[in-house]
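# Coordinate inspection notes
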Amino acid sequence: MAQSNHYDAIVIGGGPAGLTAGIYLSRARVKTLVLSEGTVGGQMVLTHEIANYPGVESINGYMLGNIMKNQAQRFGCDIKSNIGIERMELNGEQKQVLLSNGAIYSADALVLTPGGRSRTLGVPGEEDYKGKGISYCATCDGDFFTGKEIVVVGGGNSALEEAVSLTKYATKVTIVHQFDHFQAFEHAVEEARANPRINFVMESKVTAFYGGENLEAVDITDLKSGKVERFKTDGVFVFIGYVPNTEFLKGKLNLNKWGEIVVSSDMETSLPGVFAAGDAIAKRYRQVTTAVGDGTVAALAASNYIHQMKMKKKAPLENVLA
Ligand SMILES: Cc1cc2nc3c(=O)[nH]c(=O)nc-3n(C[C@H](O)[C@H](O)[C@H](O)COP(=O)(O)OP(=O)(O)OC[C@H]3O[C@@H](n4cnc5c(N)ncnc54)[C@H](O)[C@@H]3O)c2cc1C
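Below is a summary of the structure that appears in this document. Predicted model, so just to flag it, every value in this text is computed and none were measured. (Residues numbered from 1 in each chain as written. Predicted model: local features only at pLDDT ≥ 70, side-chain atom pairs only at ≥ 80, totals over all residues. Heavy atoms only, no water.)

Another point: the site of the ligand. Within the structure, the ligand sits among 33 residues, and Glu37, Gln43, Asn52, Asp279 and Val288 are positioned closest to it. In this structure, Ser36 approaches the ligand through a side-chain N or O atom, which is 3.2 Å from an oxygen atom. At a separation of 3.4 Å, an oxygen atom of the ligand approaches a polar backbone atom of Thr39. The protein chains hide 90% of the 1000 Å² of surface that the ligand would expose on its own. Looking at the shell around the ligand, the elements that each hand over two or more residues are helix H1 (16-27), strand E2 (32-36) and helix H7 (288-321). Partitioning the shell around the ligand into residue classes produces 13 nonpolar, 16 polar and four charged. (Near = heavy atom within 4 Å. Polar contact = N/O pair within 3.5 Å; in protein donor to acceptor, adjacent residues only side chain to side chain. Areas by Shrake-Rupley, 256 points an atom, 1.4 Å probe, with all protein chains shown as cover. Helix = DSSP H or I, 4+ residues; strand = E, 2+ residues; numbered from the N terminus. Nonpolar A, V, L, I, M, F, W, Y, C, P; charged D, E, K, R; others polar.)

A word on the environment of Asn199. Among the structural elements, Asn199 can be located in strand E11 (residues 198-201). Residue classification places Asn199 among the partly exposed positions, given a relative accessible area of 32%. For the pair formed by Asn199 and Met267, sequence separation is 68 residues and the distance between their alpha carbons is 41 Å. Filtering out sequence-adjacent residues up to four positions away, Asn199 remains in contact with Lys172, Val173, Thr174 and Ile175. (Buried < 20%, exposed > 50% of the residue type's maximum accessible area, 1.4 Å probe, protein only. Contact = heavy atoms within 4.5 Å.)

We now examine the nonpolar core. Counting 59 residues, the largest nonpolar core has Ile10, Leu25, Leu35, Val97, Leu112, Leu253 and Ile261 as the members making the most contacts within it. The element that contributes the greatest number of residues to this core is H7, accounting for ten residues. Residue contacts for Ile261: discarding those within four places in its chain leaves Leu112, Pro114, Thr246, Leu249, Leu253, Asn254, Leu255, Thr269, Ala276, Ala280, Ile281 and Ala282. Core analysis: the next-biggest nonpolar cluster, separate from the first, contains 20 residues, Ala138, Ala159, Val164 and Val189 among them. (Core = buried A, V, L, I, M, F, W, Y, C linked by side-chain atoms within 4.5 Å.)

The full count for this structure, using the stated rule, is nine salt bridges. The residue Arg230 makes a salt bridge to Asp219 at a minimum N-O spacing of 2.6 Å. Placement of Arg230 in strand E14 (residues 228-232) and of Asp219 in strand E13 (residues 215-222) is noted, with a sequence separation of eleven residues between them. Judged by relative accessible area, Asp219 falls into the buried class, the value being 9%. (Salt bridge = Lys/Arg side-chain N within 4 Å of Asp/Glu carboxyl O.)

Among the five residues that make up strand E9 (residues 149-153), four are buried, leaving the element largely enclosed by the rest of the structure. Two strands pair when backbone bridges link them, and E9 and strand E10 (residues 172-176) are joined in this way by five bridges, in the parallel orientation. Pairing of Val153 across the sheet is with Val176, part of E10. Viewed along the sheet, the connection from E9 through helix H5 (residues 157-166) into E10 turns out right-handed. Sheet topology places E9 next to strand E15 (residues 235-238); four bridges connect them, and they run parallel. Following the sheet pairing, Ile150 is matched in E15 by Gly235. (Pairing = 2+ DSSP bridges. Right-handed = clockwise from strand over helix to strand, strands pointing away.)

And the structure:
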């Protein structure tokens, strides 16, 4: 039997963007529910150390997520994680969310923070060495490879720009790319080619990862000859694209060609009362700090929207009495 529960705001996603929205909304006395399909903390739980969150010198990602969750709950925010969402109604004054257990929640405003995921190579060993030598984020993990020799996979702007930035730490960066040319802007290619710490293996793919406790080597397959070389390395950075978790929003609101949610500077989406924040929105830099910043803006804008809607509903009665 379906039960119906009304909130002022529902936040979809329990990563840093969603939890920050939960903190700000609840502290503003906006009755808020955070619904997350995954674990509270989002992508932060995938990293054992976050060393660039201001005010916290170094913290385990899972712990930072837990602190944010407790902080939101202290302000009265309801949080349900590891739930399944069956359907969402984003149009109209009342937004609705139907969970796979049959529960229905409604709200005046929604804040969408479903985050995203890096595209993976999908080759043997990749799952085993994620966070143990394989990384998808140079800003997050570059420092851990100081004085080491690493591989960068990819040939777009991210791959080339991040390869250059990784030479601040690594003594040697080998870029492995599947084509004979790069898809990056010419200036990015020139900068990478001019860097003495970078060398290139073209028309080749990383086809397997090997090691013990940590990554020690990769197989690099030459796509023209088919020859496979076992290549020793301390780490591999994979930059072959980013996938926002917005499949469930296709056709419902304005997404760009990469599936990212298009928002205004106040984090408004194309639908009234629906806001978005964090890694799922159209933006360039994806970090905990940027997610937290977006979550703050979305919460403040949503809070203002809810207040305006409530005032509007009250207005006719006040006019009659005046
Ligand atoms: C391995 C790794 C290491 C990183 N290290 C750092 C670092 O050191 N420093 C740093 O600043 N950043 C780091 N990042 C990046 C940082 O974690 C992200 O930028 C940040 O977590 C994005 O926050 P978010 O809230 O937008 O999304 P996410 O963290 O992705 O959270 C989104 C949440 O929404 C849930 N969700 C998805 N779809 C739905 C849906 N349809 N309905 C309900 N819930 C849904 C997900 O399960 C998830 O819990 C790292 C990322 C990774 C992968």
